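# An overview of the molecular structure
Here is how the chains run, residue by residue.
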Protein chains: 2
Amino acid sequence: MSSLIIQCKKLRDAAKVLGIADTKTKNKALANVAKRLRIHQEYIMQENEKDVFNARKAGIKESLIDRLRLDENRIEDMIQGIQKIIDLRDPIWNSDRVWTLENGLTISKMTVPLGVIGIIYESRPNVTIDAFALALKSGNCILLRGSSTSIHSNRALVYAVKEGLKESGLPEEIIGFIDDVDRSVVMEMLTLNEYIDLIIPRGGKELIQFVIENATVPTIETGVGNCHIYIDERANLKKALRIVENAKIQRPGVCNACETILIHEQVASEFLPQLYKQFDGIVDIMGCEKTRGIITVKTAEEQDWMEEYLDYKVAIKVVQNIQEAILHIDRYGTKHSEAIVTESLENANLFLRQIDAAAVYVNASTRFTDGGQFGFGAEMGISTQKIHARGPIGLEELVTSKYTIMGNGQIRE
Amino acid sequence: MSSLIIQCKKLRDAAKVLGIADTKTKNKALANVAKRLRIHQEYIMQENEKDVFNARKAGIKESLIDRLRLDENRIEDMIQGIQKIIDLRDPIWNSDRVWTLENGLTISKMTVPLGVIGIIYESRPNVTIDAFALALKSGNCILLRGSSTSIHSNRALVYAVKEGLKESGLPEEIIGFIDDVDRSVVMEMLTLNEYIDLIIPRGGKELIQFVIENATVPTIETGVGNCHIYIDERANLKKALRIVENAKIQRPGVCNACETILIHEQVASEFLPQLYKQFDGIVDIMGCEKTRGIITVKTAEEQDWMEEYLDYKVAIKVVQNIQEAILHIDRYGTKHSEAIVTESLENANLFLRQIDAAAVYVNASTRFTDGGQFGFGAEMGISTQKIHARGPIGLEELVTSKYTIMGNGQIRE
């Protein structure tokens, strides 16, 4: 029996205890973990320093090292994140569907935990705490597989979590951590259907593709966002400029940032020069032929319509009408977040109905697709698939259901 | 480009039309299909006769041939099934979660179709019509892959469906049929993530395992049911006898039939002789040592606790208490349907909370786990996995969601 299976068996056993724990117990455990993060703050920062040192030695670029670093403020943010999750409603053992059959059987569709959730992540160490806290509150055990870059930080965080759990009367095996940088362990993890109920990959395209291709455990695809903003013929161009600027510049490296702007030809000659002025020296513009007839920018190639730049770079296309915009999004979009800027009710409705994406906006920045912004407290990632959960994965998405049926001797005729 | 991909592209295009069709149009199309089934009844029966002839020639046993056969009554049942689905509420573009953020953005979680659903089935030809009708009403296109045994019947049914669609103003490409008995086509189907949003295998264990192992398209596992009934110390034994008899005998070949009976040792000596009398000459009993101390039956081996007999056969185990019953179910159950017979509120609640299954019963037969019985009209199968849908898969389970966000120029600070 592999060491991963031994660990998974413990998670399964812990899941039975956690799955029926009451809200008070779960919140107390979360509070204890928060307390332990504060107590062990120095230790966590020391261990994090090792990761930062190694990353610098490996020549990783400063912007990524900055994401990796943990200081007092960031640890305080984690603690505040836990507090938010404590304040959220317990998503377990609720029902919005109870009905009674002619024969007197009463059926309730109750929410119950999934059991054991695996998460494979490349991102910042705070994911370790977010994922654990969301899982615990929703009654799920969590198996973490972080990146080798942050292994010391994650180890220290998991240590603090376990210390917190120990004083809470809940098994410390609620959290599992794969302390092995070998990729073959990930491969094994992806096929442990008996022990893991759901795997969420959170990271780049390559990681997600690897997980989809190799997993037999059910997965939720997250993250890749080639998001569009369509400026309609009937747009308020002042709003459009604010929205586009926000969606592109406020934080370009994230999945809900805007990558392509589509502009109705009737407003292109008025809008594009304003946009050009706004983006000048900040955002690199790749334009279609019609765009290049109005402003002087580089040529957008086929590749530009497909790419998630995650950078100060944007592609612009002038379209004949809303249908061309919808067709473009249908062809190149990744079903993440799409927006229309318009004052026309008809066009707003058309866009809302016809665009197939996790989040569709009218007159707002795509940057709002986020568990925190949506009011979910935190998120496990943003699902871009249609099964089980779509959009930000918060507490309410980390459950499954169980039909409970109350009878008095009913049999089937 | 393979012929399957060509067909899938047509399904994808049809899904765009169907996805935004109104309820009236969808119901009219279903009514037209029902009408066509009646018009083409003779043709369908003729084609079915070929399948029956081939099955008999291949030496398939009569009980299976009976499942394959279509007569006037069975075609009438299909038509009634469509009528039931017409009468159900349209599951699309509804919301039970609408909220407004501090900044004024209003978020609605709307139900939308999945898109294209694939179904791989070994069962009776009526699944062809059930699956199509459920898919259409929920705005989804359907790609059918039936068994070679029923290929002539399925072809004829799909012909009638297409005739019905033609007079409805909806594309006939809403329904796709894999008219190829080669298994390699199934293999291809399982990896067409770009074209298929969900695959539901409906059939035996082997088929389901094959699909789970090979699919990159998200799947919903269905069907295998090793269901238990636990007769508690506090059971009303009269009720218990009725329930056990119904769950075992009423239709033993289905997934919600009872396969193992667990009996509290305090009531075993009273209950077992009654059960023995009831089952004598009808049901073959395999008992544990304690059972064999009370009634004269064959010995239950380890294999008996694991097996889904699907036959007039049952395993019986005497347990010391409810915890032993729960542990047994946890170890051998397939998370389908489990029941307790008890008059104790405490034990009922313990069982409901601790048993991890799609449906958990108190004082009722497990045979009720069924879309029709639950009031869903029909079902695509019964999910025994936890992701997306658990239990009977009806209209409400064939949807995904889309967040629509209405703003007035909001940007993220």
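Quick caveat, the model's predicted, so the values are computed rather than measured.

What follows is about the sheet that holds strand β5 (residues 175-177) of chain A. Residues and elements named next belong to chain A. Pairing is parallel in the open sheet, where four strands are placed in the order β5-β4-β3-β6. Edge positions in the sheet fall to β5 and β6 (198-202), since each has one partner strand and no second. Going from strand to strand, the sheet's axes swing by 20° on average, the running direction of each strand aside. Taken together, the five bridges between strand β3 (residues 116-121) and β6 define a ladder with parallel strand orientation. Bridge pairing links Ile 119 to Ile 200 in β6. Strands in contact with helix α1 (residues 3-19) are β3, β4 (141-145) and β5; relative to β4, the strand with the most contacts, it is inclined by about 150°. Lying on the sheet, helix α6 (residues 126-137) is in contact with β3, β4, β5 and β6; it crosses β4 at an angle near 160°.

Another point: the relation of the copies chain A and chain B. Mapping chain A onto chain B leaves a residual RMSD of 0.0 Å; the transformation is a rotation of 180° accompanied by 0.0 Å of translation along its axis. Read as a symmetry element, the transformation amounts to a two-fold axis. The rotation axis passes nearest to the C-alpha of His 388 of chain A in chain A, at a distance of 1.9 Å. An overlap of 100% is found between the interface residues of chain A and their copies at the interface of chain B, pointing to a shared contact surface.

On to the sheet that holds strand β8 (residues 258-264) of chain A, then. Sheets are built from strands that pair by backbone hydrogen bonding, the pairs being arranged parallel or antiparallel. On the basis of which strands lie adjacent, the open sheet formed by 10 strands has the order β10(A)-β9(A)-β11(A)-β8(A)-β7(A)-β12(A)-β13(A)-β16(B)-β2(B)-β1(B) and mixed pairing. Whereas interior strands pair on both sides, the edge strands pair on one side only; in this sheet they are β10 (298-299) of chain A together with β1 (95-100) of chain B. Where strand β9 (residues 284-287) of chain A lies against β10 of chain A, two bridges are found, and the strand directions are parallel. Across the sheet, residue Met 286 of chain A finds its bridge partner in β10 of chain A, namely Lys 298 of chain A. Strands β7 (227-231), β8, β9 and β11 (313-319) of chain A of the sheet are contacted by helix α11 (residues 265-279) of chain A, whose axis makes an angle of about 140° with β8 of chain A.

What follows covers the domain arrangement of chain A. All names here are of chain A. Looking at the assigned domains, one finds that chain A contains domain 1 (3-222 + 380-406) and domain 2 (227-372). Contacts between the two partners involve nine residues from domain 1 and, on the opposite side, 11 residues from domain 2. For the pair domain 1 and domain 2, the summed buried surface comes to about 720 Å²; carbon and sulfur atoms form 56% of the total. With its nearest N and O atoms 2.8 Å apart, the salt bridge here joins Arg 390 to Asp 356. At the boundary of domain 1 and domain 2, one finds two residue pairs in polar contact (both at pLDDT 80 or more). Elements with a minimum of two residues in the side of domain 1 that touches domain 2: β14 (382-383) and β15 (391-392). For the side of domain 1 that touches domain 2, the per-class residue count stands at two nonpolar, three polar and four charged.

For the rest of this paragraph, the subject is the interface of chain A and chain B. Contacts between the two partners involve 70 residues from chain A, matched on the other side by 70 residues from chain B. Note on chain A versus chain B: buried area summed over both sides is about 6300 Å², and carbon and sulfur give 54% of it. Counting every contact that joins chain A to chain B gives eight salt bridges. In this structure, Asp 330 of chain A engages Lys 16 of chain B in a salt bridge whose closest nitrogen and oxygen atoms are separated by 2.6 Å.

Glancing now at unusual backbone geometry. All names here are of chain A. A positive phi angle is found at Trp 93, which is not glycine, with a value near 65°. Looking at the element boundaries, Trp 93 is found in the loop between α5 (72-87) and β1 (95-100). Taking the relative accessible area as the measure of exposure, Trp 93 reaches 26% and is therefore partly exposed. Notably, Asn 363 is not glycine yet its phi reads approximately 55°, a positive angle. Mapped onto the elements, Asn 363 comes out in strand β13 (residues 359-364). Under the relative-accessibility criterion, Asn 363 is labelled buried at 5%.

Attention shifts here to the nonpolar core. Formed by 149 residues in total, the largest nonpolar core has its most connected members in Phe 132, Ile 142, Ile 196 and Met 380 of chain A together with Phe 132, Ile 142 and Met 380 of chain B. For Met 380 of chain B, the contacting residues outside a window of four places in its chain are Ile 119, Ala 131, Leu 134, Ala 135, Ile 142, Ile 200, Arg 202, Ile 393 and Leu 398 of chain B. Ranked by size, the runner-up nonpolar core spans 47 residues in total, among them Ile 229, Val 244, Ile 263 and Ala 315 of chain A.

Thresholds applied
Residues numbered from 1 in each chain as written. Chains lettered and ligands numbered in written order. Predicted model: local features only at pLDDT ≥ 70, side-chain atom pairs only at ≥ 80, totals over all residues. Heavy atoms only, no water. Pairing = 2+ DSSP bridges. Helix = DSSP H or I, 4+ residues; strand = E, 2+ residues; numbered from the N terminus. Axes fitted to C-alpha atoms, helices over the stretch in contact; angles between N-to-C directions. Contact = heavy atoms within 4.5 Å. Least-squares fit on C-alpha atoms with pLDDT ≥ 70 in both. Domains from an automatic or database assignment. Buried area = accessible area lost by both parts, 1.4 Å probe. Salt bridge = Lys/Arg side-chain N within 4 Å of Asp/Glu carboxyl O. Polar contact = N/O pair within 3.5 Å; in protein donor to acceptor, adjacent residues only side chain to side chain. Nonpolar A, V, L, I, M, F, W, Y, C, P; charged D, E, K, R; others polar. Buried < 20%, exposed > 50% of the residue type's maximum accessible area, 1.4 Å probe, protein only. Core = buried A, V, L, I, M, F, W, Y, C linked by side-chain atoms within 4.5 Å.

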